[in-house]
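Residue-level structure breakdown
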Amino acid sequence: MSTIILEGLNERQREAVTAPPGPVLVLAGPGSGKTRVLTHRIAYLIGELNISPASILAVTFTNKAAREMRERLDKLIGPELAERVMMGTFHSVCARFLRRDIGHLDRGRQNPDQARNFVVYDSDDQLQLMRQVLKELRLDEKQYPPRQILSRISSAKNELISIAEYSRYARTYYEEIISRCYELYQRKLIANNALDFDDLLVETVRLFDQHPDVLQRYQKRYAHLLIDEYQDTNRAQYTLVKQLASAQRNLFVVGDEAQAIYGWRGADIRNILQFEDDFPDAKVILLEQNYRSTQPILDVAQAIIVASRQLKHSKSIWSERKDGLRVRLIETYDEGEEARFVADEIERLRAVSGASLNDFAVMYRTNAQSRALEEALISRGVPYRLIGGTRFYERKEIKDILAYMRLIHNPYDTVSFERVLNVPNRGIGDKTRDQLIQWAASLQIPPYTALQLLASDQEEDQEQRPAPSMPFASRQRAALQSFVALLDELIAARDQISLPELLDLTLERVNYHEALVREYGPDEGEERWENVLELRNVSFEYINFPREAQLPTFLEEVALVSDVDSLDQRRERDRDAVTLITLHQAKGLEYAVVFLVGLEEGLLPHSRSASEMDRLEEERRLLYVGVTRAKERLYLLYAFRRAQWGRYEATAPSRFLADIPTMLIERGPARPVEMVRQTSLFTHRSFGSNQSLAPGGTKRRGRSLSTAGQKNTKEQPQPTRTARFFAGQKVRHAQFGEGTVVTSRVLDDDEEVTVAFPGKGVKRLLAAFAKLEHIKD
DNA sequence: CCATTATGTTTTTTT
DNA sequence: AACATAATGG
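First, a word on scope: everything that follows refers to the structure included in this document. (Residues numbered from 1 in each chain as written. Chains lettered and ligands numbered in written order. Predicted model: local features only at pLDDT ≥ 70, side-chain atom pairs only at ≥ 80, totals over all residues. Heavy atoms only, no water.)

1. Looking at the overall build of chain A
When its secondary structure is counted, chain A shows 33 helices and 24 strands. Within chain A, buried positions represent 55% of all 777 residues. Per element, the accessible surface of chain A, about 35,600 Å² overall, is 48% carbon and sulfur. (Helix = DSSP H or I, 4+ residues; strand = E, 2+ residues; numbered from the N terminus. Buried < 20%, exposed > 50% of the residue type's maximum accessible area, 1.4 Å probe, protein only. Areas by Shrake-Rupley, 256 points an atom, 1.4 Å probe, with all protein chains shown as cover.)

Have a look at this one:
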């Protein structure tokens, strides 16, 4: 056995890495060396079992994870072998399969070669297309918000529900409308030779389903599958995995149900919970040792997660780093003070410990929360990097140029066509555009073909009046003709020059720099131009591809690579800066110091998730993910009031905070006294004391966070029985010894008590059953 | 057709 | 508060 493959792995990790081929489920707690296990597993398959790297397919959730895995594998087995392993996200892997085989599907049957040149629509493109759909169906956008319809269609696709099925099961009028939109939307996608994100998965599943011979080929080719973040797979992804794995059953999946946070986009936690039902002979391995965080941080994480009701595999994570700083809980007046606290604390810690700014991250639920933080950091001159937000590839100027590129690649793409038609302003207004579309529709040809017709017609009978079927005044005609001339020139140049040259030619021909300055003024115009130049830089990375492959490859990667892992960020990596990031994006990352801000009702849990149990539990897991990102220090923050849509609203601390035993937390106004505002203290105290009555009418004071944690007005169901246990009380359990009550819930005939036992962890018990006893202080 | 103004909407999270 | 779309007037 080559030692390097197993070096530095613990017993469990080794067991996972060296498990015989066949179904394997690795339940990996946060920080338990999951990526390590995956990479070493691949190395083991190649190095020990002599499996060809080309027959291994590793699927990750983000491009970033894929890249990281590849880098680590490089070091382990060398780049020659590593690069032959197929790695990528579900979406990018499917895109590659379809690039090759989409011709087998009916949508591509007529012209397989053209079908393979499909473009991938991002959410913005989808929106534009849906607008076209609504317009055509004469539906009011107010009544049927395109986003909402898209989200319903997306859910349907994620569940592999076809148009036929959807319309068959449509029960309400609204569903009926959606099914009609679904149908036309899909027809338009095909007409534009486009696939949306969901289609990448759905069409691949369909391909495998309808063409067993094709499936068989892929099954043979990829004899060993490894899937990361299995808890976040949706129905389509799950089906795909089963299809590919069903022949050889060499399926190695890694996941953690406690970190499932993508239910809102169709991920189904049951996929991981039922793995053993799907593969009864599966080997199941638990990775519980955490190498990232100190025990005090893990205690808080554990307290949050055990209060959940849904988790099946009880994992309890632990660390050898028993001592560490207690987690701090900070209340501030508003988001401004919250941000200033964070900025000050970063500066303070940096001064005393000499830590690098890269060691700090601030995490939040919604992107909008980054603003206050940015302001505070800017005012102190602390460099930061904002992950997500308006992504690079979603910026208008970038999308405009990309739309030109896509149109050059595929002039029948109507979404790009309409986007670019009057960018920059060339005198083709809404009316002219609609006329063109109408006219094209009446001839049953794509707008681009209609334009070509217009242009050729001009040449043939010059001086003639426009044919009656062409409803354009001469000025409009001229504008349209010059547009099509431009487009045709660029298309003609496409295969003659390199991608960067093509980009430059486009920018020059549309005078884009000048247009930006004209539209946005010199300052913002230049800033946006910088972004365009950035895109130009990216284009140089494709210069070594064969000429005709440069543009398609570029477009593909741009469509599937989000900013989290974009080239933009790659260059950023060595910059010393604080990271601002959403909780979702933070999954898989780690930082020495983490600030979790905005831990308030309505934000975490988010108000749109509060109504349903499953979504609420997902919010809890999101907090769990955030907490477990921290290696050394963790700060939990909430504000007394927060501005939303330009208006301040009083807030209540997140209910999840009430699940953390007080003794695990250090509460702290770690700010100078003069910063504490009288109003804040006063109002807050009265706010809190209103709430200090427990449901049963007994006072619960001080020791529990839950005193501050309850919402004031909302209906608290009145229990029929009075609670015997309250937060902060000391209790004794026969097996676990002495502990402190965290929360208690009265059930029909018993009481469910959550108790923190020092050294034993946090347990949920039924009071009568567990024979809990009170202890006098 | 375009610039200005009025009005409405947004914020959940992402491949 | 910030941004996008719709309405209005030049």
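Further notes follow.
2. So, the nonpolar core
Generally speaking, nonpolar side chains in soluble globular proteins are found buried as a group. Ranked by internal contacts, the top residues of the largest apolar core, which has 50 residues, are Leu436, Phe483, Tyr512 and Phe554. Looking at this core, the elements that each hand over two or more residues are α20 (396-409), α21 (414-420), α22 (430-443), α23 (447-460), α24 (474-494), α25 (499-509), α26 (512-539) and α27 (547-560). Sort the elements by how many residues they give to this core and α24 lands first, with nine residues. In this structure, Leu207, Tyr230, Leu251 and Val253 belong to the second largest nonpolar core, which totals 46 residues. (Core = buried A, V, L, I, M, F, W, Y, C linked by side-chain atoms within 4.5 Å.)

3. Some details on the protein's contact with DNA strand B
Residues in close proximity to DNA strand B total 29 residues, the closest being Arg365, Thr432, Gln585, His606 and Arg608. Sugar and phosphate atoms form 57% of the subset of DNA strand B atoms that lie within 4 Å of the protein. For DNA strand B, a phosphate oxygen lies 2.8 Å from a polar atom in the backbone of glycine 429. Counting only elements with at least two residues in the surface near DNA strand B, the list comes to α22 and α29 (583-586). Considering only residue class, the surface near DNA strand B consists of eight nonpolar, 14 polar and seven charged. (Near = heavy atom within 4 Å. Polar contact = N/O pair within 3.5 Å; in protein donor to acceptor, adjacent residues only side chain to side chain. Nonpolar A, V, L, I, M, F, W, Y, C, P; charged D, E, K, R; others polar.)

4. A short note on unusual backbone geometry
Here the residue pair leucine 604 and proline 605 is connected by a cis peptide bond, since its omega of 5° sits within 30 degrees of zero. Positionally, proline 605 belongs in the loop between β15 (591-596) and α30 (613-627). Positive phi outside glycine occurs at arginine 138, with the angle close to 55°. Structurally, arginine 138 can be placed in the loop between α8 (123-136) and α9 (146-158). Under the relative-accessibility criterion, arginine 138 is labelled exposed at 75%. For leucine 160, which is not a glycine, the phi torsion comes out positive at approximately 60°.

5. Details of a negative patch on the surface
Together, Asp523, Glu526, Glu527 and Glu530 make up a region of like negative charge exposed at the surface. Structurally, the position occupied by glutamate 526 is in helix α26. Judged by its relative accessible area of 33%, glutamate 526 is partly exposed. (Patch = residues over 30% accessible without salt bridge, like charges linked within 9 Å, V, L, I, M, F, W, Y side chains within 5 Å. Salt bridge = Lys/Arg side-chain N within 4 Å of Asp/Glu carboxyl O. Lys, Arg positive; Asp, Glu negative; His and termini not counted. Charge placed at Lys NZ, Arg CZ, Asp CG, Glu CD.)

6. Overview of α8
Taking 1.5 Å per residue as the helical rise, α8 with its 14 residues ought to reach 20 Å, and the 20 Å between its terminal C-alpha atoms agrees with that figure. Residues of α8 that are buried include every one of Asp125, Gln126, Leu127, Leu129, Met130, Gln132, Val133 and Leu134, and no others. Check the buried side of α8 and you find it contacts β4 (119-121), α9, α11 (173-191), β5 (194-196), α20 and α21. The opening residue of α8 is aspartate 122, an N-cap whose side-chain oxygen sits 3.0 Å from the backbone nitrogen of aspartate 124. With its phi angle positive at about 55°, arginine 138 sits one or two positions after the end of α8. (Expected span 1.5 Å × (residues − 1). Contact = heavy atoms within 4.5 Å.)

7. Brief notes about the pattern of salt bridges
When charged atoms on two side chains of opposite charge get close, those side chains can pair. Scanning the model with the defined rule gives 49 salt bridges in all. Among the salt bridges present, the one from glutamate 175 reaches arginine 152, with a minimum N-O distance of 3.9 Å. Remark: arginine 152 occurs in helix α9 and glutamate 175 occurs in helix α11; sequence separation between them is 23 residues. The class of glutamate 175 is partly exposed, set by a relative accessible area of 21%.

8. Comments concerning the packing of α9 against helix α12 (residues 197-210)
The N-to-C vectors of α9 and α12 enclose an angle of 25°; their axes lie 9 Å apart at closest approach. In terms of orientation, α9 and α12 fall into the roughly parallel class. Considering the relative orientation of α9 and α12, their crossing is left-handed. Side by side, α9 and α12 meet where Ser154, Lys157 and Asn158 of the first sit next to Asp198, Asp199 and Val202 of the second. (Axes fitted to C-alpha atoms, helices over the stretch in contact; angles between N-to-C directions. Parallel < 35°, antiparallel > 145°, perpendicular 65-115°, else oblique. Left-handed = near helix turned anticlockwise from the far one by under 90°.)

9. Concerning empty space enclosed by the protein
Within the structure shown, the criterion is met by four cavities of 30 Å³ or more. Leu57, Val59, Phe90, Val93, Cys94, Phe97, Leu225, Ile227, Leu240, Val241 and Leu244 are the residues that line the largest cavity. Those elements that provide at least two residues to the lining of the largest cavity are β2 (56-60), α6 (90-101), β6 (224-227) and α14 (235-245). Among the elements that line the lining of the largest cavity, the one with the most residues is α6, at four residues. Of the voids in this model, the second largest cavity is the one considered here, and its volume is about 60 Å³. When residues of the lining of the second largest cavity are traced back to their parent elements, those giving at least two are α3 (34-47), β6 and β7 (251-255). Residue contributions to the lining of the second largest cavity peak at three residues, all from β6. Per-class residue counts for the lining of the second largest cavity are six nonpolar, three polar and one charged. (1 Å grid on protein atoms, 1.4 Å probe; cavity = no way out; pocket = protein on both sides within 12 Å on 5 of 7 lines; lining within 4 Å. Points joined across faces, edges and corners; volume = space filled by probe spheres on them.)

10. Side note on α26
A rise of 1.5 Å per residue sets the reference length of α26, with its 28 residues, at 40 Å; its end C-alpha atoms lie only 17 Å apart and thus fall more than 12% short of the reference. Where α26 bends most, the angle comes to about 130°, and this point is glycine 521, followed within four residues by the proline proline 522. (Bend = angle between axes of the 7 residues up to and from the residue.)

11. So, the sheet that holds strand β1 (residues 24-28)
Sheet architecture is open: six strands sit in the order β3-β2-β6-β7-β1-β8, paired in parallel fashion. Each having just a single partner strand, β3 (86-89) and β8 (283-287) make up the two edges of the open sheet. In this sheet, neighbouring strand axes are inclined to one another by 15° on average, regardless of whether the strands run parallel or antiparallel. For β2 and β3, the ladder comprises four bridges, and the chain directions are parallel. Across the sheet, the residue bridging to leucine 57 is methionine 86, located in β3. Against the sheet, α6 contacts β2, β3 and β6, and its axis sits at roughly 120° relative to β3. Sheet strands in contact with α14 are β2, β6 and β7, and its direction is about 160° off that of β6. (Pairing = 2+ DSSP bridges.)

12. Notes on the packing of α25 against α27
One can describe the packing of α25 onto α27 by two numbers: an axis separation of 9 Å at closest approach and a directional angle of 75°. The pairing of α25 with α27 is recorded here as roughly perpendicular in orientation. Contact with α25, carried on its side by Leu499, Pro500 and Leu502, involves Gln550, Leu551 and Phe554 of α27 and no other residues of that element. Of the residues that constitute the contact of α25 with α27, the class distribution is five nonpolar, one polar and no charged.

13. Focus: the sheet that holds strand β13 (residues 384-386)
Sheet architecture is open: seven strands sit in the order β13-β14-β12-β15-β16-β11-β19, paired in parallel fashion. Of all strands in the sheet, those bounded by a partner on one side alone are β13 and β19 (665-667). Within this sheet the neighbouring strands show an average axis-to-axis angle of 25°, counted without direction. Here five bridges tie strand β11 (residues 327-332) to strand β16 (residues 630-639), and the two strands are oriented parallel to one another. Residue pairing across strands places arginine 328 opposite tyrosine 635, the latter belonging to β16.

14. Describing the packing of aromatic side chains
On inspection of all chains with the given rule, the structure shows 17 aromatic pairs. Ring geometry for phenylalanine 341 against tyrosine 635: centres 6.1 Å apart, planes inclined by 65°, an arrangement best described as edge-to-face. Within this pair, whereas phenylalanine 341 is found in helix α18 (residues 335-353), its partner tyrosine 635 is found in strand β16, the two being separated by 294 residues in sequence. For the pair shown, phenylalanine 341 and tyrosine 635 are each scored as buried. Here tyrosine 542 and phenylalanine 554 contribute two aromatic rings whose centre-to-centre distance is 5.5 Å and whose plane-to-plane angle is 80°, an arrangement assigned as edge-to-face. With a gap of 12 residues between them, tyrosine 542 in the loop between α26 and α27 and phenylalanine 554 in helix α27 connect regions that are remote in the sequence. As far as burial versus exposure is concerned, tyrosine 542 and phenylalanine 554 are alike and both buried. Feature note: the residues Phe97, Phe208, Tyr218 and Tyr222 constitute an aromatic cluster, connected by ring pairs. (Phe/Tyr/Trp six-rings, centres within 6.5 Å; stacked < 30°, edge-to-face > 60°.)

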